[in-house]
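The residues making up each chain are set out below.
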Amino acid sequence: MSSTKFILGLFDDPDEMMHGIDKLQKNSIPIYDVYTPMPIHGIEAKLGIKDSRLGYAAFMFGCVGGTTILSLVYYFLAHDWPMNIGGKPHFAVPDFIPVTFEWSVLFAAFGMTFTFFYATHLFPGRAPRVMDLRATNDRFVIAIDAKGNTPHEDITNLLKEAGAVEVKHNDRKYVSYE
Amino acid sequence: MASHKESIIREPLVTGKDITYAKVTDDVLFPVENKPNKAWWIGFTVASLGACLWVFAVSWTFWYGIGSWGLNKTVGWAWDITGFVWWVGIGHAGTLISAVLLLFRQKWRNSINRSAEAMTIFAVICAATYVVSHMGRPWMALYCLPLPNQYGSLWVNFNSPLIWDVFAISTYFSVSLVFWYTGLLPDIATIRDRGTGWYRRIYSVLSFGWTGSVKTWQRFETVSLILAGISTPLVLSVHTIVSMDFATSLEPGWHTTIFPPYFVAGAIFSGFAMVQTLLLVTRKVLGLENYITMFHIESMNKIILVTGSVVGVAYITEFFIAYYSGGEYEQYTFLNRFIGPYWWAACMMYGCNVLMTQVMWFKKVRTNIAMSWVLSIIVNIGMWFERFVIIVTSLHRDYIPSSWAMFYPTWIDVSVFIGSIGVFFTLFLLFIRVLPAIAMAEVKLLLKEQSEHGKRKQIEEGHLDPSQVEFYKENLIKFDSVDVSEYENA
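Residues numbered from 1 in each chain as written. Chains lettered and ligands numbered in written order. Predicted model: local features only at pLDDT ≥ 70, side-chain atom pairs only at ≥ 80, totals over all residues.

Caption draft 1: Focus on the interface of chain A and chain B. Residue-level contacts link 61 residues of chain A with 56 residues of chain B. For the side of chain A that touches chain B, the secondary-structure elements that each account for two or more residues are helix H1 (14–26), strand S2 (33–35), helix H2 (43–47), helix H3 (54–80) and helix H4 (93–119) of chain A. With 16 residues, the top contributor of residues to the side of chain A that touches chain B is H4 of chain A. Tallied by class, residues from the side of chain A that touches chain B come to 41 nonpolar, 11 polar and nine charged. (Contact = placed C-beta atoms within 7 Å. Helix = DSSP H or I, 4+ residues; strand = E, 2+ residues; numbered from the N terminus. Nonpolar A, V, L, I, M, F, W, Y, C, P; charged D, E, K, R; others polar.)

Following this line, the structure appears as C-alpha cells:
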C-alpha cells in the first residue's frame, strides 16, 4: 500500500483545469478541493458548491446597525436628555437619516466580512493549509483524496490527459510551514 | 471563463509580449521582494522629512493652541478645513475605482484599484488629523462620540452635520480599510508562498491562512461585490455630508442646495487627479508600464475631463443662482470672489479646474504622459483653491462690514499642510515597498482575454474581420509599452 495521501494535478491554464475536473467527474473520481490563484467562475457549479449566503448576513447586520443607532439616538435626544431646539420635535427623524445610514453600512461591512473570516477560518496567525505553494502563484491545482479504490496511476493518467503539467503524489496533506 | 472571446476592437488592458501568470507575480512583487531603488529612497527621504515637519507643526499647535494658526474671529476656518476637505476629496477616487467601477464591470480597474484604495486610506488619515488638530484641544475629540460622560450625560447633537461627519468619515475609513485588506489577502498569500524564513512568517500572519480553495474564492467574491455595493452609496454620502457642513449654515456662499452633488463631483475630480499624479510616477519607478497602460491613463483623463466639466457647470449654476435669488448678500459674496482681495484665489480655482482641464478634449493631450501629469498637478492645486475660496472668501466678509477681516496663514498653517502631504507620501511609499501595488489575482483574470498577448493570439489564429484588426492595431499606437512594428507581419 502506498503512502500517498493526496494526488495533486497541477495545471497552468484554467480552461484545461476545468477540462480536468470534467474528466475526473466522468470517471467518478471525487475531487477534494481545487486551489487557484484567482477566482475561476464555474468551478462551484461543477463541484456542487452552494451559493454563498453572506448576502443575507450582510443584510441582517445592516438592519441591526441601523436599528441600533436610531434607538440610541431616540434614547439620547428624546428620552434621556430632550432639548428644546426652537420648539422643534425632539425626535427629528430626517436629521438622523445620515447616521442611521452610516451605521447600517458599517455594521453590514464589518458583520459580513467577519462572518466570512469566521466561516472560512481566516484569522491572523492561522497556519496556512496549503497543498501546493504555487497554487497562489501560477498553478491551478486539483486535489484528490488518495483513499479511494481507483488506482493512482489511472488518476495520474487522467490528469495528464486533461493537460496537467505536473501530477504530484503527496504523503502529507499540507505543505509544512515549520 | 474563457468560453467566449472578447471583441478584438477593445483595447488590451495588460500589455507585454510573453505574459504569463508567473510573470505577473514576478513583475508585481519585484519591488516587494527586492531592495528599493534609488528613486524610492530619494522619494522616501523627502516624504519622511515632510512627515517630520508635520509632527513638529502639529505638536506646536497642540502645545500653543490654535492661536498659532492665522485664524481670527471672522475667519474661523481656513487652511485646516480647506486641507480636510481637500484630503477627503482625494480619498474618494480610490473607492470610486474599487467599488463603482466594479459594479459597472469596468475591468481596467483591476490594475489600479489596489493603489487607489491605499491612497484613499492614507488621504482619509490626513483628513482626520486635520479634524482632530483643528479642535484646539485634541484630547476633547472624544466628545464627538456619544459616550456617557459626567455632564449629565450630555449627548452629542445628532441634528448637527458635524456629528454626521464624524460618523461618515469614521465609517468611510473603516469600511475602506476592510475592503482594501480583504482584497489584499490572496496577494499576501502569494508573497507568503514565495518567501522564506521570518519574511514568510510575517506574511503568513498577515495572510490570515489564505489558501485559494473554491469555497474561499466564492465567498471572497460575494464579499467584494457586496462591499462594493454598500461602499458606493457610502462614498457618495461622505462628501454629501462634508458639503452639508457648509450647506446647512446661513453663510452666503455656503448656503446652497447644489453643494452635495457639486462636492461629490469635485471629490471624484480631485481624487482621480491624485491617482494620476501618483500612478504616472509609480508605473515608471516600479516598471509597471505593462499593467498601468496608456488605456488606463486615457480613461482616467476622460473621467477628469467629465468631472471637471460637471464641476464647471456647478460653478456656473452657483453664479446664476446667486444672481437669480436676488439675495444681496449672496450676490455680493460671488461678486467678491472676483473683485475682492482674494480674486487671485478664485482665478486659480476657476482657471485650474475648468479652463485647464478642457484641453483634455484632445486625444494628443490625454495620451501624453508629461501633460497628463502636469494637468493632474494643476487639478490638485485648483481643487485646493476651490475649498479655500469657498471657506475663506465666504467667511472673510460677513454680514457686518465692521467685522470684515483678512486671513493670513502663519508658518504653522503652511507647515501642517506641507507636512500632511509628507505623511501621505511616506505612507504611500511604505505601502508600495511592503505590499503589492497591483492586485495580482485580479490582473491574472485579464490575461487570457483582455491582454495584448491574448489578442495577438486571436489575430494569429485568423477568423477575424481584417478591418477590426486594423482598428485594433491603430489603437495600439498610443501605447508606450507596445512595439507596434511587431504587428506589421502579424
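Past the structure itself, the notes keep going.
Caption draft 2: Region of the structure containing the packing of helix H5 (residues 161–194) of chain B against helix H6 (residues 197–206) of chain B. Residue and element names in this part refer to chain B. Taken N-terminus to C-terminus, the directions of H5 and H6 make an angle of 155°; their axes are 8 Å apart at the nearest point. It follows from the interaxial angle that H5 and H6 lie roughly antiparallel. Between H5 and H6 lies a crossing of left-handed hand. Contacts between H5 and H6 pair Ile188, Ile191 and Arg192 from the former with Arg200, Tyr203, Ser204 and Leu206 from the latter. The residue inventory of the contact of H5 with H6, partitioned by class, reads four nonpolar, one polar and two charged. (Axes fitted to C-alpha atoms, helices over the stretch in contact; angles between N-to-C directions. Parallel < 35°, antiparallel > 145°, perpendicular 65-115°, else oblique. Left-handed = near helix turned anticlockwise from the far one by under 90°.)

Caption draft 3: Region of the structure containing the environment of Asn113 of chain B. Residue and element names in this part refer to chain B. You can see Asn113 is positioned in helix H4 (residues 113–133). Measuring from C-alpha to C-alpha, the distance between Asn113 and Arg283 comes to 14 Å, with 170 residues separating the pair along the chain. Non-local contacts of Asn113, meaning those with residues more than four positions away in its chain, are made with Ile97, Ser98 and Ala439.

Caption draft 4: Spatial organisation of the domain arrangement of chain B. Residue and element names in this part refer to chain B. What the domain assignment lists for chain B is domain 1 (1–18 + 448–490) and domain 2 (21–147 + 155–293 + 413–446). In this structure, domain 1 and domain 2 have C-alpha centres spaced 35 Å apart. With nine residues of domain 1 at the interface, the matching set in domain 2 holds eight residues. Broken down by class, the residue content of the side of domain 1 that touches domain 2 amounts to three nonpolar, five polar and one charged. (Domains from an automatic or database assignment.)

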